[in-house]
Amino acid sequence: MIHPKHPLPYNNTQQEFFLKYLAENNKEYHTLQISYTNAVYLYYDLQVNVSEHDYEEWLNEITDEKLRSAMQSKGMKECQKTSSFIRFINNKRNIIEDDYIREKMGNEQYNRYKMLC
């Protein structure tokens, strides 16, 4: 069983369909893989409030000058879509990616996934 489900109904339906016609000996791995990727999707889709100060703080942590300059050029609105910015904000709010994924999947499924991968 996929846990967590994908929040978009179409994707959820496609995932269930894929698993339905999969050979039995492959179902556990793929169910866990789908569950894991759904949890990752949810992590990066969290809606958290960010401020200009958060953005400036994130920019200051970028050590590569070219990258920092490119991110400044894009501006805060565009950078809010980047995985590194999202991870920075979530970590700042004590929402750690691995902990979040474990919580969404449940300990048993998470540990089994890590063991298989």
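An account of the accompanying structure is given in this report. (Residues numbered from 1 in each chain as written. Predicted model: local features only at pLDDT ≥ 70, side-chain atom pairs only at ≥ 80, totals over all residues. Heavy atoms only, no water.)

1. Concerning the packing of aromatic side chains
Short version of the rule: Aromatic pairs are defined between Phe, Tyr and Trp rings, using the six-membered ring for Trp, whenever the two ring centres lie within 6.5 Å; interplanar angles under 30 degrees are classed as stacked, those over 60 as edge-to-face, and all others as tilted.
Within the structure shown, the criterion is met by 7 aromatic pairs. These aromatic residues form a ring-pair network of at least three members: Tyr43, Tyr44 and Tyr100.

2. Side note on the packing of helix α1 (residues 9-20) against helix α2 (residues 24-44)
Cut-off, in case you're wondering: Axes here refer to lines fitted to C-alpha atoms; in helices the fit is confined to the stretch in contact. Angles between the N-to-C directions go from 0 to 180 degrees. Numbered from the N terminus, helices here are DSSP runs of H or I no shorter than four residues, and strands are runs of E no shorter than two. Here is the rule for angles: anything less than 35 degrees is roughly parallel, anything more than 145 is roughly antiparallel, 65 through 115 is roughly perpendicular, and the remaining ranges are oblique. Put simply, a crossing is left-handed when the front helix is turned counterclockwise from the back one by less than a right angle, and right-handed when it is turned clockwise. We call two residues in contact whenever any of their non-hydrogen atoms come within 4.5 Å of each other. The classification used treats Ala, Val, Leu, Ile, Met, Phe, Trp, Tyr, Cys and Pro as nonpolar, Asp, Glu, Lys and Arg as charged, and all other residues, Gly among them, as polar.
Closest axis-to-axis distance for the α1/α2 pair is 10 Å, and the angle between their directions is 165°. When the interaxial angle is binned, α1 and α2 end up roughly antiparallel. Judged by the sense of rotation from one axis to the other, the crossing of α1 with α2 is right-handed. Between α1 and α2, the contacting residues are Gln15, Phe18, Leu19 and Lys20 on the first element and Lys27, His30, Thr31, Ile34 and Asn38 on the second. Here the residues of the contact of α1 with α2 are counted per class, giving 3 nonpolar, 4 polar and 2 charged.

3. Here we look at the packing of α2 against helix α6 (residues 97-105)
With their axes 9 Å apart at the nearest point, α2 and α6 run at an angle of 125° to one another. It follows that α2 is oblique to α6 by the angle criterion. For the crossing formed where α2 meets α6, the hand is right-handed. Counted together, Leu32, Ser35, Tyr36, Ala39, Val40, Leu42, Tyr43 and Tyr44 of α2 and Glu97, Asp98, Tyr100, Ile101, Lys104 and Met105 of α6 form the full contact between these two elements.

4. A few points about the pattern of salt bridges
So the rule is basically this: Salt-bridge detection follows one rule: a side-chain nitrogen of Lys or Arg within 4 Å of a carboxyl oxygen of Asp or Glu. When a residue's accessible area, from a 1.4 Å probe over protein chains only, is under 20% of the maximum for its type it is buried; when over 50% it is exposed; and in between it is partly exposed.
By the definition in use, this model includes 8 salt bridges. Where Glu65 meets Arg68, a salt bridge forms, and the shortest distance between an N and an O atom there is 2.6 Å. Here Arg68 and Glu65 lie together in helix α4 (residues 65-79), a separation of 3 residues that amounts to about one turn. A salt bridge links Glu78 to Lys81; the nearest nitrogen and oxygen atoms lie 3.3 Å apart. Here Glu78 falls in the partly exposed class, since its relative accessible area comes to 39%. For Lys81, a relative accessible area of 59% translates into the label exposed.

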